[in-house]
Amino acid sequence: MMIGVFLIIVVALVGFLFMKKGKTSASKTSITTLVSPTVTQITESVEGSEIVADDIQTAETTVAQESPIAIEGGSFYFKPNIINAKVGQPVTIKFTSVGGMPHDFVIDELNVKSERVTEGELDIQFTPDKVGTFEFYCSVGNHRKMGMKGTLVVE
Ligand SMILES: [Cu+2]
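Keep in mind the model is a prediction, meaning the values are calculated, not measured.

The rules behind the values
- Residues numbered from 1 in each chain as written.
- Predicted model: local features only at pLDDT ≥ 70, side-chain atom pairs only at ≥ 80, totals over all residues.
- Heavy atoms only, no water.
- Pairing = 2+ DSSP bridges.
- Helix = DSSP H or I, 4+ residues; strand = E, 2+ residues; numbered from the N terminus.
- Axes fitted to C-alpha atoms, helices over the stretch in contact; angles between N-to-C directions.
- Buried < 20%, exposed > 50% of the residue type's maximum accessible area, 1.4 Å probe, protein only.
- Polar contact = N/O pair within 3.5 Å; in protein donor to acceptor, adjacent residues only side chain to side chain.
- Contact = heavy atoms within 4.5 Å.
- Donors = N, O, S within 2.8 Å, 3.2 Å for Na, K, Ca; no water.
- Tetrahedral: all angles 85-135°; square planar, octahedral: opposite > 155°, others 65-115°.

Student: So what exactly am I meant to see when it comes to the sheet that holds strand S1 (residues 69–74) here?
Tutor: The strands that make up a sheet are held in pairs by hydrogen bonds between backbone atoms, and each pair lies either parallel or antiparallel. In space, the four strands of this open sheet follow the order S2-S1-S4-S7, with mixed pairing throughout. The outermost strands of the open sheet, each flanked by one partner alone, are strand S2 (77–79) and strand S7 (120–126). Between one strand axis and the next, the sheet turns by 25° as a mean value, whatever way the strands run. Note that S1 and S2 share three bridges and pair antiparallel. Bridging across to S2, Glu 72 finds its partner in Lys 79.

Here it is in structure tokens:
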């Protein structure tokens, strides 16, 4: 569109100059000087939009590198019991089980179900595909009823 508009302006100016000055060699020289700055202007505006696109890509890369969320699970709690995530962005939970009992980490609505771990650490990775407030809990025995649960807020 922009290039089309510039070309129309250039053609109009060239036509105007021809009419005014006639078909002399002097008028050809002035046409050349008139066209050159217009072409430079178009090139500059194209380079400008490429820079904007690069900036957007950099921003997305930065947001995707979120640090892992450390959660401790014991009898019968998760600490912290409120965590946050962003929709469409991978989440890594570094889950540490303490106290000698097996525990796991489950979110029904997001199809998250980890293996059970008795003592030690487990990385749980998932990507929330919807916004909302979801309960995470331990599915071992009656741990959930005893209070081993928490809330994930996805924005
Ligand atoms: Cu448990």
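Student: I tried to follow the side chain of Asp 104 on my own but got confused; where do I start?
Tutor: Inspection of the secondary structure puts Asp 104 in the loop between strand S4 (91–97) and strand S5 (106–107). Taking relative accessible area as the criterion, Asp 104 reaches 1% and is therefore assigned buried. A polar contact of 2.5 Å, which involves the side chain of Asp 104, links it to the side chain of Ser 139. In this structure Asp 104 touches Phe 78, Phe 95, Lys 113, Ser 114, Glu 115, Arg 116, Tyr 137, Cys 138, Ser 139 and Val 140, once residues within four positions along its chain are discounted.

Student: What am I meant to see in the coordination of the copper ion here?
Tutor: Ideal geometry at a metal centre gives angles of 109.5 degrees when four donors are arranged tetrahedrally and 90 or 180 degrees when six donors are arranged octahedrally. Within the protein, His 103 (ND1), Cys 138 (SG), His 143 (ND1) and Met 148 (SD) serve as the donor atoms for the copper ion, at 2.0 to 2.7 Å. Around the copper ion, the four donor atoms are arranged such that angles at the metal cover 84 to 132°; this shape is classified as irregular.

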